[in-house]
Amino acid sequence: MSSEFNELLPVTSDERVQVWIIGTRDQVIHLMNEIYVRKVATDRVQFTPIIPAPFATGKYMTVLVR
């Protein structure tokens, strides 16, 4: 990205990194487990509850906040 685009991004330096997981319910659960086993997430509490994705019919989502 160019610096022009970076200036337009509404991100502050104190925000936490987020990893969004979107897929079928089974895919989301599987990836959550894989991330936990590989110690990317130190606790399952770092994931938000699994909810239906508001922008994709039939898909679910969770967010890992680090």
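Each value, and the rule that gives it
Residues numbered from 1 in each chain as written. Predicted model: local features only at pLDDT ≥ 70, side-chain atom pairs only at ≥ 80, totals over all residues. Heavy atoms only, no water. Phe/Tyr/Trp six-rings, centres within 6.5 Å; stacked < 30°, edge-to-face > 60°. Lys NZ or Arg CZ within 6 Å of the ring centre and 35° of its normal. Core = buried A, V, L, I, M, F, W, Y, C linked by side-chain atoms within 4.5 Å. Buried < 20%, exposed > 50% of the residue type's maximum accessible area, 1.4 Å probe, protein only. Helix = DSSP H or I, 4+ residues; strand = E, 2+ residues; numbered from the N terminus. Contact = heavy atoms within 4.5 Å.

This next bit is on the packing of aromatic side chains. Under the criterion given, the structure shown has zero aromatic pairs. Looking at Arg25, its charged tip hangs above the ring of Tyr60, at a distance of 5.6 Å from the centre.

The next thing to look at is the nonpolar core. One broad rule of soluble globular proteins: the nonpolar side chains tend to lie buried together. Within the largest apolar cluster, seven residues are counted, these being Ile21, Val28, Met32, Ile35, Ala41, Phe47 and Leu64. Looking at which element gives the most residues to this core, the answer is helix H2 (residues 25–37), with three residues. The residues contacting Ile35, other than those within four sequence positions of it, are Ile21, Val40, Ala41, Phe47 and Leu64.

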